Amino acid sequence: MPPDVLLEDGRPRTWTAVIRCDDGDHTLELTHREVVAERLLRTSRKHSFDPDVDVDWDAPQDPDVFYMPPQLISIYETPLWDGLTHRQRVELSRREMCSIASFGIWSEMMLMQSLLMHAYRQRYDSDHVAYALTEIADECRHSKMFGRMVRTCGLRTHRPRAVEFHLAKLLGAVYDPMPVFAGTLVVEEFTDAFQRTTFPDENVQPLVRQVSRIHVIEEARHIKYAREELKRLVAVLPAVRRRMAAAGLARVMRVMTGQLVHPSCYSAVGLDPRLARRVAAVSPHRRATMAWASRRCTAFFDEVGFLDGRARGIWARGGLLEP
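Positions within a chain are numbered from 1, following the residues in the order the chain's sequence is written. Whole-chain, interface and lining totals are the exception, using all residues; otherwise, since this is a predicted model, local features are given only for residues with pLDDT of at least 70 and side-chain atom pairs are given and counted only at 80 or more. In computing side-chain values, all of the structure's heavy atoms are included and hydrogens and water are not.

Our next topic: the overall build of the protein. Secondary structure elements are defined from DSSP: runs of H or I of at least 4 residues count as helices, runs of E of at least 2 residues count as strands, and each element is numbered from the N terminus. Assigned secondary structure in the protein consists of 13 helices and 2 strands. Three labels apply to residues, based on accessible area from a 1.4 Å probe with only protein chains included: buried if under 20% of the type maximum, exposed if over 50%, partly exposed otherwise in between. Burial analysis of the protein (323 residues in total) assigns 48% to the buried set. Counting only contacts in the protein whose residues sit at least 6 apart along the sequence, the fraction spanning at least 24 positions is 78%. Total accessible area on the protein stands at roughly 16,000 Å², and carbon and sulfur atoms take up 55% of it. Pairs of residues are marked as contacts when any of their non-hydrogen atoms sit within 4.5 Å. Surface accessibility in these figures is a Shrake-Rupley result with a 1.4 Å probe; residues are shielded only by whichever protein chains are displayed.

Right under this line is the structure:
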């Protein structure tokens, strides 16, 4: 594929693709954006799922089997973890997994809203818009799937804290593609890391493994789409604006990742939620896990120049950047 480079006026460089037809050679000028979108559309046609039929929602749930790998649980390898019985640890895994799913629904709703605003400003007959709409359809299915999984596990979804919940409403009034695609990468790369560890693990509940597998396969396309768009946006952004956007995103993501585990997860197994959150926040294992889950995203940000200035320090202080 020709490199994705820009002209002096910031427009994407185009090249000519030759298509062989019965009546001779016809040429079609394509931007890199369109080429990427067309490939993602083809992949979507081949590798998309319907969770209503592709997940065994009646799969038995063994009360002694974890709902996520233990090493991903927030207080793993802490004195609080050591003090729990096996059944309490399994219960904590069930609740943390459902809490992360609730966070996923919330973040995917914001993504869908932003993708619609992005598509609204593009050429409606383009493959780029077609893929944006395809991704929205994927995220609709994912949100329904996560909600059904939580209910099937006997729990209810959680909203974020009131401040974050109401601030997120502002996304409907402001359109800025830079934080949209950067934020998408952070959330999707993070959850992707957790789920890539979960779905092959035979010691995890079959229902959760099935849901994780579907999400990993379909999210790979979403990550590619966000990465390519962010590359284009960063390439034409002035350095000062880029650093400000990077620092702002780092602060937001530091707050958002703190919403992954709802306090009720801890109280359900007899732990003081405030104490458990403090223990998790300073746990070397937890900080290493969070940095590991963010590593692909932060490496990409570093590559495209979205991790310089104050942003790097904010990521590091939040435990989201590997040393």
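Now that the structure has been shown, the text picks up again.
Turning to the environment of Arg-278, a few remarks are in order. As for its placement among the helices and strands, Arg-278 is situated in helix H11 (residues 273-282). Remark: the alpha-carbon pair of Arg-278 and Ile-75, spanning 203 residues in sequence, is separated by 9.7 Å.

With that out of the way, let us pick up a positive patch on the surface. On the surface, a cluster of positive charge is contributed by Arg-251, Arg-254, Arg-287, Arg-310 and Arg-317. Counting residues per element, the ones that place at least two in the positive patch are helix H9 (239-257) and helix H13 (310-317). Within the fold, Arg-287 resides in helix H12 (residues 284-304). Note that patches include only residues with greater than 30% relative accessible area and no salt bridge, and the join distances are 9 Å for like charges and 5 Å for nonpolar side chains (Val, Leu, Ile, Met, Phe, Trp, Tyr). Criterion for a salt bridge: a side-chain nitrogen of Lys or Arg within 4 Å of a carboxyl oxygen of Asp or Glu. Counted as positive: Lys and Arg. Counted as negative: Asp and Glu. His and the chain ends are not counted at all. Every charge is mapped onto a representative atom, which is NZ of Lys, CZ of Arg, CG of Asp or CD of Glu.

Okay, helix H5 (residues 127-152) next. How far a helix is expected to stretch is found by multiplying one less than its residue total by 1.5 Å. With 26 residues, H5 should cover 38 Å at 1.5 Å per step; its first-to-last C-alpha distance of 37 Å lies within 8% of that length. Once H5 finishes, Gly-154 follows within two positions and takes phi at roughly 85°, a positive value.

The next subject is the nonpolar core. Nonpolar core, defined: a set of buried Ala, Val, Leu, Ile, Met, Phe, Trp, Tyr and Cys residues in which side-chain atoms within 4.5 Å join the residues together. Counting residues in each nonpolar core, the largest one holds 92 residues, and the members touching the most others are Ile-75, Met-149, Leu-230, Phe-301, Phe-306 and Trp-315. Of the residues forming this core, the biggest block, 14 residues, is contributed by helix H4 (residues 86-120). Leaving out residues up to four positions away in the same chain, Ile-75 has contacts with Leu-80, Trp-81, Leu-84, Leu-92, Tyr-266, Leu-271, Ala-276 and Ala-280.

Of the grid points, spaced at 1 Å and generated over the protein atoms alone, those admitting a 1.4 Å probe that cannot get out make up cavities, while open sets with protein on both sides within 12 Å along at least five of seven lines make up pockets; any residue with an atom within 4 Å of a point is treated as lining. Grid points are joined across faces, edges and corners, and a volume is the space filled by probe spheres set on the points. Of the voids in this model, the second largest pocket is the one considered here, and its volume is about 510 Å³. Lining the second largest pocket are 20 residues, with Thr-257, Gly-258, Arg-277, Ala-281 and Met-290 positioned closest to its centre. Mapped by element, the contributors of at least two residues to the lining of the second largest pocket are H9, H11 and H12. When residues are sorted by character, Ala, Val, Leu, Ile, Met, Phe, Trp, Tyr, Cys and Pro go into the nonpolar class, Asp, Glu, Lys and Arg into the charged class, and all the rest, Gly among them, into the polar class. When the residues that make up the lining of the second largest pocket are grouped by side-chain class, the tally is 8 nonpolar, 6 polar and 6 charged.

This next bit is on the side chain of Glu-164. The residue Glu-164 is located in helix H6 (residues 162-167) in this model. Assessed through its relative accessible area of 12%, Glu-164 is described here as buried. Once residues lying within four places of it in the same chain are set aside, the contact partners of Glu-164 are Trp-106, Val-255 and Gln-259.

The next subject is the side chain of Glu-34. With respect to the secondary-structure elements, Glu-34 resides in helix H1 (residues 32-46). Lacking a salt bridge, the buried Glu-34 has Arg-123 as its closest oppositely charged neighbour, with an N-O distance of 4.0 Å. What Glu-34 contacts, discounting residues up to four positions off in sequence, is Arg-123, Ser-126, Asp-127 and His-128.

We now examine the packing of H5 against helix H8 (residues 206-235). As a rule, the C-alpha atoms of each element are fitted with a line to give its axis, helices using only the stretch in contact, and angles between N-to-C directions run from 0 to 180 degrees. Interhelical geometry of H5 versus H8 gives an angle of 155° and a closest axis separation of 11 Å. Considering the angle they form, H5 stands roughly antiparallel to H8. Where H5 crosses over H8, the handedness of that crossing is left-handed. Residue-level contacts link His-128, Tyr-131, Ala-132, Glu-135, Asp-138, Glu-139, Arg-141, His-142, Met-145, Phe-146, Met-149 and Thr-152 of H5 to Leu-207, Val-208, Val-211, Ile-214, His-215, Glu-218, Glu-219, Arg-221, His-222, Tyr-225 and Glu-229 of H8. Among the residues making up the contact of H5 with H8, the classes are represented as 10 nonpolar, 5 polar and 8 charged. Note on terminology: angles under 35 degrees are roughly parallel, angles over 145 are roughly antiparallel, angles of 65 to 115 are roughly perpendicular, and the others are oblique. In this scheme the crossing of two helices becomes right-handed for a clockwise turn of the near helix relative to the far one and left-handed for an anticlockwise turn of less than a right angle.

All told, the structure shown has 20 salt bridges when counted by the stated rule. For Asp-52, the salt bridge identified is with Arg-148, shortest N-O distance 3.2 Å. With Asp-52 in helix H2 (residues 51-54) and Arg-148 in helix H5, this pair connects stretches of sequence that are 96 residues apart. The class for Asp-52 is partly exposed, based on a relative accessible area of 44%. A salt bridge links Glu-189 to Arg-296; the nearest nitrogen and oxygen atoms lie 3.6 Å apart. Here the residue Glu-189 occupies a position in helix H7 (residues 177-198), and Arg-296 occupies one in helix H12, the gap between them amounting to 107 residues. Among the charged side chains, a salt-bridge network with shared partners connects Glu-189, Asp-192, Arg-196, Arg-227 and Arg-296.

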